[in-house]
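Survey of secondary and tertiary structure
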Amino acid sequence: MKRYLVLAMRRPDFDPAVVQPHLDFLEGLRGGGRLELSGGFSDRSGGAYLMRAADMDEALSIVHQDPAYTSGGWDITVHEWNAH
């Protein structure tokens, strides 16, 4: 499995009600052994998470289920990360 860094940046019009479903989604990834790290930025502009997937297609498939993505109120970027 490869590592993928997901950046989730809130847009000005994001819906705060999406935060809890997003956190629940991350807990599901954690429970499934996919999530390594996650956390919000101290300025509350968004956050990031580090997850495992077989390839970029699978990573995007997973991220596209995140309420932060499906709500449309966050800018989401996914990067394959060669962390050591």
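Above this text sits the structure in question.
These remarks concern the structure in this document. Here, residues in each chain are numbered from 1, in the same order as that chain's written sequence. Whole-chain, interface and lining totals are the exception, using all residues; otherwise, since this is a predicted model, local features are given only for residues with pLDDT of at least 70 and side-chain atom pairs are given and counted only at 80 or more. The side-chain values count all of the structure's non-hydrogen atoms but skip hydrogen atoms and water molecules.

1. A few points about the environment of glycine 47
What counts, and what does not: Helix numbers and strand numbers start at the N terminus; a helix is a DSSP run of H or I with at least 4 residues, a strand a run of E with at least 2. Exposure classes here rest on a 1.4 Å probe applied to the protein chains alone. A residue is buried below 20% of its type maximum, exposed above 50%, and partly exposed in between.
As for its placement among the helices and strands, glycine 47 is situated in strand β3 (residues 46-53). Overall, the relative accessible area of 9% leaves glycine 47 in the buried class. Once the C-alpha coordinates of glycine 47 and leucine 26 are considered, the two residues, 21 residues apart in sequence, prove to be 12 Å apart.

2. Let's talk about the sheet that holds strand β4 (residues 74-80)
Quick note on the threshold: In this analysis, strands are considered paired if DSSP registers two or more bridges between them. What counts as an axis is a line fitted to C-alpha atoms, over the stretch in contact for a helix, and the angles between N-to-C directions run from 0 to 180 degrees.
Strand order in the open sheet formed by 4 strands is β2-β3-β1-β4, with antiparallel pairing between adjacent strands. The sheet terminates laterally at β2 (35-40) and β4, the two strands that pair on one side only. Direction aside, neighbouring strands of the sheet carry axes that sit 15 degrees apart on average. Across 8 bridges, the pairing between strand β1 (residues 2-10) and β3 is antiparallel. By the bridge assignment for β3, methionine 9 is matched with glycine 46.

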